[in-house]
Amino acid sequence: MSGPRILYLDIETAPHRVYAWGLWDQNIGLNQIEEPGYTLCWAAKWLGEKKVMFSSIRDGEKKMLRRIHALLEEADAVVHYYGKKFDIPTLNQEFLAHGMKPPAPFIEIDLIETVRKRFRFASNKLDYVVQRLGLGAKVQHKGMDLWR
């Protein structure tokens, strides 16, 4: 008998495109949304396996979502960083919008909760935490230009 299936997961999303009158302290009305954000891609890896799985909207939006849905269906637990409040609700909303039910329940291990509860880093941002722990750093990119 093998152990529980534990999946590591991260998603990236497109920003909302909105009309706004200013840049600071804005309250964006529903009629100002030109296009809501959506999942651009995801990466996942099973505990104990080397292969990192990846899919993006370049594979087709529904195909990308079906692939991560199938992995979540297999998972006994999912490890993520800020995933309880962002990644999983974002994916569930997209599954629903594409006629899929949310995946079967799984245990969520949100490492941001562990960092906040058990440690007192100067910053809880993932990049800061992994650097302080000597685990590397996030890949540098162009910021908003990457999303555009």
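Heads up: these notes are all about the structure in this document. (Residues numbered from 1 in each chain as written. Predicted model: local features only at pLDDT ≥ 70, side-chain atom pairs only at ≥ 80, totals over all residues. Heavy atoms only, no water.)

## Some remarks on the nonpolar core
Inclusion rule: What we call a nonpolar core is a set of buried Ala, Val, Leu, Ile, Met, Phe, Trp, Tyr and Cys residues that are connected through their side-chain atoms within 4.5 Å. For every residue, the accessible area (1.4 Å probe, protein chains only) is compared with the maximum for its type, and the residue is labelled buried under 20%, exposed over 50%, or partly exposed between those bounds. Segments assigned H or I by DSSP are reported as helices when at least four residues long, segments assigned E as strands when at least two residues long, and all are numbered from the N terminus. Pairs of residues are marked as contacts when any of their non-hydrogen atoms sit within 4.5 Å.
Ranked by size, the top nonpolar core spans 19 residues in total, and within it L9, W42, I68 and L72 carry the most contacts. For this core, the element with the highest residue contribution is helix α1 (residues 61-74), accounting for five residues. The contacts of L72, once residues within four sequence positions are left out, are L7, L9, V78, L91, F95, P103 and F106. In terms of nonpolar packing, the next biggest core, distinct from the first, is built from five residues, Y81, I112, V115 and F121 among them.

## Some remarks on the sheet that holds strand β6 (residues 77-80)
For the record, the criterion: Strand pairing requires that DSSP identify at least two bridges connecting the strands. In this description, a line fitted to the C-alpha atoms serves as the axis of each element, helices being fitted only across the stretch in contact, and the angle between N-to-C directions of two axes falls anywhere from 0 to 180 degrees.
Taken in spatial order, the five strands of this open sheet run β5-β4-β1-β6-β7, and their pairing is mixed. Both edges of this open sheet fall to β5 (53-56) and β7 (107-110), since each of them pairs with a single strand only. For this sheet, the mean angle separating the axes of adjacent strands, direction not counted, is 25°. Here strand β4 (residues 39-46) pairs with β5 via four bridges, running antiparallel. Along β5, the bridge assignment pairs W42 with S55. Along the sheet, helix α2 (residues 83-97) contacts β1 (6-13), β4, β6 and β7; its crossing angle with β1, the most-contacted strand, is approximately 75°. The strands touched by helix α3 (residues 111-118) are β6 and β7; relative to β7, the strand with the most contacts, the crossing angle is about 50°.

## Thoughts on α2
Just so we agree on the cut-off: Values of bend correspond, residue by residue, to the angle between axes fitted over the seven residues ending at that residue and the seven starting there.
The principal kink in α2, of about 25°, is found at P89. Those residues of α2 that fall on the buried side of the exposure criterion are G83, D87, I88, T90, L91, E94 and F95. Packed against the buried residues of α2 are β1, β4, α1, β6 and β7. Downstream of α2 by one or two residues, G99 has phi in the positive range, about 75°.

## What about the pattern of salt bridges?
What counts here: Criterion for a salt bridge: a side-chain nitrogen of Lys or Arg within 4 Å of a carboxyl oxygen of Asp or Glu.
Summed over the entire model, instances satisfying the criterion amount to six salt bridges. In this structure, the salt-bridge partner of E34 is R17, at a minimum N-O distance of 2.8 Å. Pair noted here: E34 is in strand β3 (residues 33-35) and R17 is in strand β2 (residues 17-18), with a separation of 17 residues, a long-range link. Across the pair R67 and D59 runs a salt bridge, and its minimum N-O distance is 3.9 Å. For D59, a relative accessible area of 36% puts it in the partly exposed group. Residues joined by salt bridges that share partners form a network here, namely R5, E49 and E74.

## Remarks on the pairing of β7
Defined as follows: Whether a crossover is right-handed comes down to one check: with the strands pointing away from the viewer, does the path from the first strand over the helix to the second run clockwise; if it does, it is right-handed.
Note: β6 against β7, four bridges, orientation parallel. The residue bridging V78 from the neighbouring strand is E108, located in β7. Between β6 and its parallel partner β7, the chain crosses via α2, and the hand of that crossover is right-handed.

## Overview of the packing of α1 against α2
The criterion, for reference: Oblique is the label for any angle not covered by the other classes, which are roughly parallel (under 35 degrees), roughly antiparallel (over 145) and roughly perpendicular (65 to 115). If you view the pair so one helix is near and one far, a crossing is left-handed when the near helix is turned anticlockwise from the far one by less than a right angle, and right-handed when it is turned clockwise.
As a packed pair, α1 and α2 sit with axes 11 Å apart at the nearest point and diverge in direction by 120°. As far as their axial angle goes, α2 and α1 are oblique. Seen along the crossing, α1 lies across α2 with a hand that is left-handed. Judged by residue contacts, E61, L65, I68, H69 and L72 of α1 engage L91, E94 and F95 from α2.

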